[in-house]
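Here is what each chain is made of, one letter per residue.
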Amino acid sequence: MSDSSPARPAVVLDVWCELQCPDCHSALDDVRALRARYGDRLDVRLRHFPLEKHKYAFAAAQAAEEAAEQGKGWPYVEAVLGRVEELARAGESLLVEVARELGLDAEEFDTALIDGRHILAVDADQAEGKAIKVTGTPTYVIGGERLDGGSSQEGLRERVEEIADRLLAGA
């Protein structure tokens with residue numbers, strides 16, 4: 001038995017997102033700021049919620065899963081969100097190109113998009129999102145509260161910080 005006290009559990013922030021969504025691109029600065037402010041005290045988890053209106057969102061979600069498997073989930077998500085308009089034009093070839101730019105195994109990305117190995121993970125996220133009444137992206141869930149950023153980002157980061165601070169104080 002060690003003398004050190006157990007580490008406090010991190011507060012979980014689920015960010016329901018889709019990688020062809022301009023609103024999710026706008027929310028990136030907030031997500032970066034939250035990750036910078038809280039570090040490992042806030043477990044920011046990307047949850048997939050591809051919307052039917054965006055043709056390449058489902059493929060992008062699968063690609064993000066492959067990036068996570070290759071150890072660069074967030075850098076990949078940020079890179080793709082930074083190019084939403086290009087994704088709408090270029091489609092899946094952009095997803096592979098971004099992987100290559102980040103030094104990931106681009107051939108494995110191509111194969112993953114063909115063999116569908118990450119479809120179940122994306123489907124599971126989407127089903128869970130629907131079950132908790134996610135209707136648009138981005139949507140944040142922290143401490144059991146759902147905050148819809150699809151209509152407006154205004155004041156959302158502050159609200160997430162209030163909840164995170166309260167949860168961390170009570171941990």
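Heads up: the structure comes first, above all this text.
Draft legend 1. Spotlight on the packing of aromatic side chains. Using the criterion set out here, one finds one aromatic pair in the structure. A centroid spacing of 5.2 Å and a plane angle of 35° characterise the contact between Tyr-76 and Phe-109, whose relative ring orientation is tilted. Placement of the pair is Tyr-76 in helix α3 (residues 73–81) and Phe-109 in helix α6 (residues 106–115), with a sequence separation of 33 residues.

Draft legend 2. Region of interest: a negative patch on the surface. A contiguous patch of negative charge on the surface is contributed by Glu-92, Asp-105, Glu-107 and Asp-110. Within the element layout of this structure, Asp-105 appears in the loop between α5 (92–101) and α6.

Draft legend 3. Seen up close, the sheet that holds strand β4 (residues 145–148). The strand order β2-β1-β3-β4 describes an open sheet built from four strands, whose pairing is mixed. In this open sheet, the two edge strands, each paired with only one partner strand, are β2 (42–48) and β4. For this sheet the average axis-to-axis angle between neighbouring strands, irrespective of direction, equals 20°. In terms of strand pairing, strand β1 (residues 11–17) meets β2 through seven bridges, oriented parallel. Considered in β2, the bridge of Val-11 is made with Leu-42. Contacting β1, β2 and β3 (139–142), helix α1 (residues 22–38) crosses the sheet at an angle of about 155° to β2. Lying on the sheet, helix α7 (residues 119–131) is in contact with β1 and β2; it crosses β2 at an angle near 100°.

Draft legend 4. Spatial organisation of α5. What α5 keeps buried is the set Leu-94, Leu-95, Val-96, Val-98 and Ala-99. Next to the buried residues of α5 lie α2 (57–69), α3, α4 (84–90) and α6. Count one or two residues on from α5 and you reach Gly-103, which has phi positive near 80°.

Cut-offs applied
Residues numbered from 1 in each chain as written. Predicted model: local features only at pLDDT ≥ 70, side-chain atom pairs only at ≥ 80, totals over all residues. Heavy atoms only, no water. Phe/Tyr/Trp six-rings, centres within 6.5 Å; stacked < 30°, edge-to-face > 60°. Helix = DSSP H or I, 4+ residues; strand = E, 2+ residues; numbered from the N terminus. Patch = residues over 30% accessible without salt bridge, like charges linked within 9 Å, V, L, I, M, F, W, Y side chains within 5 Å. Areas by Shrake-Rupley, 256 points an atom, 1.4 Å probe, with all protein chains shown as cover. Salt bridge = Lys/Arg side-chain N within 4 Å of Asp/Glu carboxyl O. Lys, Arg positive; Asp, Glu negative; His and termini not counted. Charge placed at Lys NZ, Arg CZ, Asp CG, Glu CD. Pairing = 2+ DSSP bridges. Axes fitted to C-alpha atoms, helices over the stretch in contact; angles between N-to-C directions. Contact = heavy atoms within 4.5 Å. Buried < 20%, exposed > 50% of the residue type's maximum accessible area, 1.4 Å probe, protein only.

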